Amino acid sequence: MQWIHNPVTHQDFAFSVDDALSENALKDINLYVSQTKPERAGIKQNPSADDDPNVIRRSDIIWISSEKTSTKRLYENVCSLGEFVNNQFFRYNIYLQETLQYSIYRGDEEGHYDWHIDAMHKGDHHLVRKISFSIGLNDPSEYEGGNLEFFPTNDSRRIKLRKNQGVFFNSLIAHRVTPVTKGTRISLVGWIHGPEFI
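Values in this document were obtained by computation on a predicted structure and should not be read as measured data.

Visitor: What is the right way to read the pattern of salt bridges from this model?
Guide: A full pass over the atoms with the stated rule returns 9 salt bridges. One salt bridge in this structure joins Glu 109 and Arg 40, with 3.0 Å as the shortest N-O distance. Remark: Arg 40 occurs in strand β2 (residues 39–40) and Glu 109 occurs in the loop between β6 (100–106) and β7 (112–116); sequence separation between them is 69 residues. On the accessibility criterion, Arg 40 (37% relative accessible area) is partly exposed. Residues Glu 76 and Lys 72 are paired through a salt bridge, measuring 2.8 Å at the closest nitrogen-oxygen approach. Linking Glu 76 with Lys 72, this pair stays in helix α3 (residues 72–90), spanning 4 residues, or about one helical turn. Each member of the salt-bridge network shares a partner with another, and the members are Arg 40, Asp 60, Arg 106 and Glu 109.

Visitor: Even after reading the chapter, I still don't get the environment of Arg 73, so can you show me in this structure?
Guide: Its location among the elements puts Arg 73 in helix α3. A relative accessible area of 41% places Arg 73 in the partly exposed class. Distance from Arg 73 to Leu 26, taken between C-alpha atoms, is 9.7 Å for residues 47 residues apart in sequence. Residues in contact with Arg 73, not counting those within four places in the same chain, are Asn 24 and Asp 28.

Visitor: Would you mind showing me how to read the pairing of strand β4 (residues 60–64) here?
Guide: Remark: a regular strand shows side chains that alternate across the two faces of the sheet. Of all 5 residues in β4, 4 are buried, a share of seventy percent or more. Bridging between β2 and β4 involves 2 bridges; their strand directions are antiparallel. Paired with Arg 40 across the bridge in β4 is Asp 60. With 5 bridges connecting them, β4 and β6 associate as antiparallel partners. By the bridge assignment for β6, Ile 62 is matched with Tyr 102.

Visitor: Just checking my understanding: could you explain the sheet that holds β7 for this structure?
Guide: Within a sheet, neighbouring strands are paired by backbone hydrogen bonds and run either parallel or antiparallel to one another. Read across the sheet, 5 strands follow the order β3-β7-β13-β10-β11 without closing on themselves; strand pairing throughout is antiparallel. Looking at strand neighbours, the two that pair on one side only are β3 (57–58) and β11 (158–159), the edges of this open sheet. Relative to strand β13 (residues 175–177), strand β10 (residues 148–150) is paired through 3 bridges, and the arrangement is antiparallel. Within β13, the position partnered with Phe 150 by the bridge is His 175.

Definitions and limits used
- Residues numbered from 1 in each chain as written.
- Predicted model: local features only at pLDDT ≥ 70, side-chain atom pairs only at ≥ 80, totals over all residues.
- Heavy atoms only, no water.
- Salt bridge = Lys/Arg side-chain N within 4 Å of Asp/Glu carboxyl O.
- Helix = DSSP H or I, 4+ residues; strand = E, 2+ residues; numbered from the N terminus.
- Buried < 20%, exposed > 50% of the residue type's maximum accessible area, 1.4 Å probe, protein only.
- Contact = heavy atoms within 4.5 Å.
- Pairing = 2+ DSSP bridges.

See the structure below:
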């Protein structure tokens, strides 16, 4: 047996964008979520009856519809940004922006999302998640913990999202949000789909 050098652990794995969303898009998010009740986040896998999904993920979410006139500017902003990042960094064959998710992690319950891979999910259209992203929606001084971490973890793979910083990464990369221990962490999460990698 001979170990093979894995370049993934020694190269850029994510693309970061400051000022990811326009002021109008941020206003549209705030208006939408002010009128929508959050729901408890679930997990796509089917845990056994003995498994507690809150061990893996503890957060609240709001799905932001793309069908509303009030979110048109937001989706135009996000899709344009996704195309830019893909052209600059990934160069994948992409077709679709999945419904955006407003994610809330609260310190009073140690909100978190343990290690997971987004690419495991395929929609009815038979496209797969290829690019995942997370955009910070509040200032990191407002909470403690809540780092976005990538496997294998080291200092360069541990990110405390700045407000309106977008981090885009391959949906095959294992990642997590560490427990928030104080305050509330808010982010916008999304996935860009395309044909399966061949």
